[in-house]
Amino acid sequence: MILTVTLNAALDVTYQLDRIQRRGSNRVRTAAQRAGGKGVNVSRVLDALGRPTVITGLAGGRNGLTVRADLAAAGLREQLLTIEQESRRTVAVVEEAEGDTTIFLEPGPVVSATEWRGFLDLYRELAPTASAVVLSGSLPLGVPRDAYGVLIGLARIHGVPVVLDADGAALSDSLAAGPALVKPNAAELERATGTGDPLAGALALRAAGARSVVASLGPAGLLACTPEGSWQARPPERIAGNPTGAGDAAVAALTAGLVAGTPWPERLRRAVALSAAAVLSPLAGGFDAAAYRRLLPLVSVRAVHEGI
């Protein structure tokens, strides 16, 4: 069982239209809403891959109830802790004519100290039963900035590896706890290390405590720096669509590979193909299975030595 943690769970709303008319009225072609947050998206992909998963985190208010109902309808197991304040919404506006997506992120609830202690008690019960833990996304207000570091430490007590996908202080303050894998995108990597060189940035995160680093480089694919070596995996073509859940799909593939002990080149090949297939899904947390099968053998993976 892979445990995913979404401390800032959301009700994801997706609008699809031809093109946004700035400073004008916009008619939405289709609208959808479902449970979201990065960890929830990871669990959706893992479930589609046939990997058992449990979702935990924090959810409150009417949005929280809708999140729970949607997860139940999807057949996804959850053990979310109920909090007093309202869970956030996110809105993704997909412009089909341009292939662009604009995302609006609400700040989310303020979590009380009592609620945070309650979640730690729940996590202490769940983490030892997991084969891996995924910590994804932003931290809601009221949660300590070293929250992910604390959760990594609690999992490591039981020998459970942790995959971390976070930004800013939530990433930087957690590296010393020793996550098995961190997966920043290019912008997050630069903010964390102060360098625009992805290879140098990935090596810096390893030096700070991460065992392995996989950086998302957009159309250039993934760059991995690990104890076994470094590789770059590239998709065979540029995919237009909704990139909202692409990084979460990559995290799902990387975590599944970690649990299975899949060799790194194949692990990266699957992550790149799955990430690209996720761009073709209209909603975050999904992927185009046929595209995944088509792209998988076409992804190129090469060893990296002095640069990329």
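What you are looking at is a predicted structure, and each value in this text was computed from that prediction instead of being measured.

The next point concerns helix 4 (residues 147–157). Here helix 4 has its buried residues at Ala 147, Tyr 148, Gly 149, Leu 151, Ile 152, Leu 154 and Ala 155. Buried residues belonging to helix 4 abut strand 1 (2–6), helix 3 (113–126), strand 8 (132–136), strand 9 (162–165) and helix 5 (169–172). Downstream of helix 4 by one or two residues, Gly 159 has phi in the positive range, about 70 degrees.

Before going further, it helps to spend a moment on the environment of Gly 218. With respect to the helices, strands and loops of the structure, Gly 218 is situated in the loop between strand 11 (212–216) and strand 12 (222–226). Between the alpha carbons of Gly 218 and Arg 22 there is a distance of 26 Å; along the sequence they are 196 residues apart.

Glancing now at the nonpolar core. Of all hydrophobic cores here, the largest spans 43 residues; its most connected members are Leu 7, Trp 116, Phe 119, Tyr 123, Val 133, Leu 135 and Leu 151. Those residues within four positions of Leu 7 in sequence are excluded, and the remaining contacts are Leu 58, Trp 116, Phe 119, Leu 139, Pro 140, Val 143, Tyr 148 and Leu 151. If you look at the next biggest cluster of nonpolar residues, it comprises 36 residues, including Trp 231, Ala 256, Ala 273 and Ala 278.

For any two aromatic rings, the description comes down to two numbers: the centre-to-centre distance and the angle of the planes. Counted under the stated rule, the structure contains three aromatic pairs. Seen from their ring centres, Trp 116 and Phe 119 are 5.8 Å apart, and the 20 degrees between their planes marks the pair as stacked. Here the residue Trp 116 and the residue Phe 119 both occupy positions in helix 3, the gap between them amounting to three residues, near one helical turn. Neither residue differs from the other here; Trp 116 and Phe 119 are each classed as buried. Here Phe 119 falls in the buried class, since its relative accessible area comes to 0%. Connected via pairs of aromatic rings, a cluster forms that spans Trp 116, Phe 119 and Tyr 123. Between the NZ or CZ atom of Arg 267 and the centre of the ring of Trp 264, over which it lies, the distance is 4.1 Å.

Taken residue by residue, the protein chain gives an average pLDDT of 91. The fraction at 70 or more is 98%. The least confident element of the protein chain, judged by mean pLDDT, is strand 7 (residues 100–105) at 83; the most confident is strand 10 (residues 181–182) at 98.

What follows concerns the sheet that holds strand 13 (residues 229–234). Spatial strand order, 5-4-1-8-9-10-11-12-13-14: ten strands in an open sheet with mixed pairing. Both edges of this open sheet fall to strand 5 (77–83) and strand 14 (300–303), since each of them pairs with a single strand only. Inspection of the sheet shows strand 9 paired to strand 10 by two bridges, in the parallel sense. Of the residues in strand 10, the one forming a bridge with Leu 164 is Val 182.

Residues spaced three or four apart along an α-helix face the same direction, because each turn holds 3.6 residues. Given a rise of 1.5 Å per residue, 13 residues ought to cover 18 Å, and the 19 Å separating the end C-alpha atoms of helix 2 (residues 61–73) matches this to within 8%. All of the buried residues in helix 2 are Asn 63, Gly 64, Val 67, Arg 68 and Leu 71. Looking down the long axis of helix 2, one finds its buried residues gathered within 140 degrees of arc, a one-sided arrangement. The exposed set on the far side of helix 2, more than 90 degrees from its buried face, consists of Arg 62, Leu 65, Ala 72 and Ala 73. The positive-phi residue at the C-terminal boundary of helix 2 is Gly 75, with phi of around 75 degrees.

Scoring rules and cut-offs
In every chain, residue numbers begin from 1 and rise along the written sequence. Reporting in this predicted model follows two pLDDT cut-offs: at least 70 for local features of residues, and 80 or more for side-chain atom pairs to be given and counted; totals over whole chains, interfaces and linings ignore these cut-offs and use all residues. Excluded from the side-chain calculation are hydrogens and water; included are all heavy atoms of the structure. A 1.4 Å probe rolled over the protein chains alone gives each residue an accessible area, and that area as a share of the maximum for its type sets the label: buried under 20%, exposed over 50%, partly exposed in between. Note on conventions: DSSP H or I runs of at least 4 residues are helices, E runs of at least 2 residues are strands, and numbering of each starts at the N terminus. We call two residues contacting when some pair of their heavy atoms lies within 4.5 Å. In this text, buried Ala, Val, Leu, Ile, Met, Phe, Trp, Tyr and Cys residues form a nonpolar core when linked through side-chain atoms within 4.5 Å. Ring pairs shown here join Phe, Tyr and Trp side chains whose ring centres sit within 6.5 Å, with only the six-membered ring taken for Trp; geometry is labelled stacked below 30 degrees between planes, edge-to-face above 60, and tilted in between. By definition here, charges over rings are those cases where NZ of Lys or CZ of Arg is within 6 Å of the ring centre and within 35 degrees of the ring normal. pLDDT measures the predictor's confidence residue by residue and takes values from 0 up to 100. Pairing between strands requires that DSSP locate at least two bridges from one strand to the other. Here the expected length of a helix is defined as 1.5 Å per residue gap, with one fewer gap than residues. Here the arc refers to the directions that run from the helix axis out to each C-beta atom.

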